[in-house]
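In case you want the letters, here they are:
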Amino acid sequence: MCKDLGLQRKIVVTSNTSPKIMIELEKRKRTFWAVYCYDVMMSIENGVPFHFQLDKESHVDDPQVLMDEVNDQEKIIHFILLTKIIRCQAQITQFLHQKLDAQWAVKNMLTHWKEEETFEALTNHLKEAIGILTSYTSFPEENDMSYAACFLYLASCFATISLHRPFAFQNTPASSPHTGHCAEAAFNIRRIMGLVFRCEALEDMYCSIRGIHQIMHYVSAAITVFKEGGYESELRDLMQIALYLSSTSPVIEMNNKTSTMQQPSTSFGFQPNPTLLSLLYTDDDPIPNI
């Protein structure tokens, strides 16, 4: 529907464009970027291609703060920051497809694809996006808690893990920096999720795009890092959170209307959602009992 409405097309604004038209154009831009972010998140989670290719068919300008929003601009700035991070995530995912998918091998050879230069460009783009994020909003703390900031930092950590994971956890000197980036991002995800539960702010995370499903996806990336890095204590802690998140998915909630769920503590009295957690463990590496 977004494509049918032509929201992915850029509309040129001139000095004669009326304020009313400017507002309508801004609505179009924000609608497109909201759909784009949702599409990237859902496509990555489900392993399917994106519906939009920004470098080929979409040339929409970034969202902007309107004049009448100056005194209440925090939400739209958070949204602008999210679009920047998700665009980086989309580029990283495309890079990984081109690097790891055998179907790209011949095309990469014929087009003389420069993997190192592409990786360096992606690294710089992600650093720039994270730099803008950190310059505007600090890392979440108990005395400065914001669900929007938590989600933005979770998304940036996930993008970092996605970019460096293929090169990490190898017995080579070149792999060490990538392993460090993955570990730092995973520890930050654990730190944020611990903060969310301590502040009893999990319900606020439902307000983020794709809600708890997306949070679960970010947590699964950190779990993978802890598992491969041998961080047993951190793995157990984050698995407790993952177990709780999987139990509060909409399907599970519908099946357990009469049950009362407790937030993570020292032990859990419910079963994990096998559909979600089976993505993290194989038959030879079963889901641990916590």
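The name an unreviewed UniProt entry gives the chain is Xylanolytic transcriptional activator regulatory domain-containing protein, with Rhizopus delemar as the organism. According to the UniProt record, the Subcellular location (unreviewed entry) comment for the chain reads "Nucleus".

Colleague: Even after reading the chapter, I still don't get the overall build of the chain, so can you show me in this structure?
Modeller: Secondary structure summary: the chain contains 10 helices and 0 strands in total. Sequence-ordered secondary structure for the chain, helices as α and strands as β, is α-α-α-α-α-α-α-α-α-α. Pairs at least 24 apart in sequence give 70% of the contacts found in the chain among residues at least 6 apart.

Colleague: What should I look at first to understand a nonpolar patch on the surface in this one?
Modeller: On the surface, Val 106, Met 109 and Leu 110 cluster together into a nonpolar patch covering about 340 Å² of accessible area. The topology assignment puts Met 109 in helix H3 (residues 105-110).

Colleague: Looking at this model, I keep getting lost on helix H1 (residues 19-46). Mind explaining?
Modeller: For the α-helix, the turn length of 3.6 residues means that residues three or four positions removed from each other point alike. For H1, spanning 28 residues, the distance from its first C-alpha to its last is 40 Å, which sits close to the expected 40 Å at 1.5 Å a residue. One or two steps after H1, the chain reaches Gly 47, where phi turns positive at roughly 70 degrees.

Colleague: Would you mind showing me how to read the packing of H1 against helix H2 (residues 74-100) here?
Modeller: Two numbers describe a pair of packed helices, the interaxial angle and the distance between the axes. Here H1 crosses H2 at 40 degrees, and the two axes come no closer than 10 Å. By the angle class used here, H1 and H2 are oblique. Remark: the crossing between H1 and H2 carries left-handed chirality. Between H1 and H2, the residues in contact are Arg 30, Trp 33, Ala 34, Tyr 36, Cys 37, Val 40, Met 41 and Ile 44 and Ile 76, Phe 79, Leu 82, Thr 83, Ile 86, Arg 87, Gln 89, Ala 90 and Thr 93, respectively. Taken together, the residues that form the contact of H1 with H2 break down as 12 nonpolar, 3 polar and 2 charged.

Colleague: Looking at this model, I keep getting lost on unusual backbone geometry. Mind explaining?
Modeller: Note on backbone geometry: most residues besides glycine have negative phi, and most peptide bonds are trans. Here His 112, not a glycine, exhibits a phi torsion of approximately 55 degrees, which is positive. Of note, His 112 is situated in the loop between H3 and helix H4 (115-136).

Colleague: Please clarify how the packing of aromatic side chains should be interpreted in this entry.
Modeller: Within a pair of aromatic rings, the relevant descriptors are the distance that separates the centres and the angle that separates the planes. One pass over the structure, following the stated rule, counts 14 aromatic pairs. An angle of 50 degrees between the planes, with centres 5.7 Å apart, marks the rings of Phe 95 and Trp 113 as tilted. Taken together, the residues span a long stretch of sequence, with Phe 95 in helix H2 and Trp 113 in the loop between H3 and H4 at a distance of 18 residues. Of the residues examined, Phe 95 reaches a relative accessible area of 2% and is grouped as buried. Ring geometry for Phe 119 and Phe 167: centres 5.1 Å apart, planes at 70 degrees, overall edge-to-face.

Colleague: What's the story with helix H8 (residues 232-247) in this structure? I'm lost.
Modeller: Counted at 1.5 Å a residue, the expected span for H8 with its 16 residues is 22 Å, and the 22 Å between its end C-alpha atoms agrees. Among the 16 residues in H8, 12 count as buried, and that is most of the element. All of the buried residues in H8 are Glu 234, Leu 235, Leu 238, Met 239, Gln 240, Ile 241, Ala 242, Leu 243, Tyr 244, Leu 245, Ser 246 and Ser 247.

Colleague: Mind showing me how you'd approach the nonpolar core here?
Modeller: One broad trend across soluble globular proteins is that nonpolar side chains are buried collectively. The biggest cluster of nonpolar side chains holds 71 residues, and the ones touching the most others in it are Met 193, Val 219 and Leu 245. When residues of this core are traced back to their parent elements, those giving at least two are H1, H2, H4, helix H5 (147-164), helix H6 (175-198), helix H7 (211-229) and H8. At 13 residues, H2 tops the list of elements feeding residues into this core. If we ignore the near neighbours within four places in the chain, the residues touching Val 219 are Ile 189, Met 193, Leu 238, Ala 242 and Leu 245.

Colleague: What should I look at first to understand the confidence of the model for the chain in this one?
Modeller: Do not read the predicted coordinates in detail wherever pLDDT is low. In this model, the chain carries an average pLDDT of 81, and 81% of its residues clear a pLDDT of 70 or more. The low-confidence segment residues 265-283 (pLDDT under 50) makes 36 contacts with residues lying over four places distant or belonging to another chain. Low confidence marks residues 286-290, where pLDDT is under 50. Its contacts with residues over four positions away, or in another chain, come to 12 contacts.

Colleague: How do you make sense of the environment of Pro 49 when you look at a structure like this?
Modeller: Summarising the element assignment, Pro 49 is placed in the loop between H1 and H2. Between the C-alpha atoms of Pro 49 and Gln 94, which are 45 residues apart in sequence, the distance is 9.2 Å.

So, how was this worked out
Residues numbered from 1 in each chain as written. Predicted model: local features only at pLDDT ≥ 70, side-chain atom pairs only at ≥ 80, totals over all residues. Heavy atoms only, no water. UniProt positions renumbered as here; feature names shortened; annotations may be inferred. Helix = DSSP H or I, 4+ residues; strand = E, 2+ residues; numbered from the N terminus. Contact = heavy atoms within 4.5 Å. Patch = residues over 30% accessible without salt bridge, like charges linked within 9 Å, V, L, I, M, F, W, Y side chains within 5 Å. Areas by Shrake-Rupley, 256 points an atom, 1.4 Å probe, with all protein chains shown as cover. Salt bridge = Lys/Arg side-chain N within 4 Å of Asp/Glu carboxyl O. Expected span 1.5 Å × (residues − 1). Axes fitted to C-alpha atoms, helices over the stretch in contact; angles between N-to-C directions. Parallel < 35°, antiparallel > 145°, perpendicular 65-115°, else oblique. Left-handed = near helix turned anticlockwise from the far one by under 90°. Nonpolar A, V, L, I, M, F, W, Y, C, P; charged D, E, K, R; others polar. Phe/Tyr/Trp six-rings, centres within 6.5 Å; stacked < 30°, edge-to-face > 60°. Buried < 20%, exposed > 50% of the residue type's maximum accessible area, 1.4 Å probe, protein only. Core = buried A, V, L, I, M, F, W, Y, C linked by side-chain atoms within 4.5 Å. pLDDT = per-residue confidence, 0-100.

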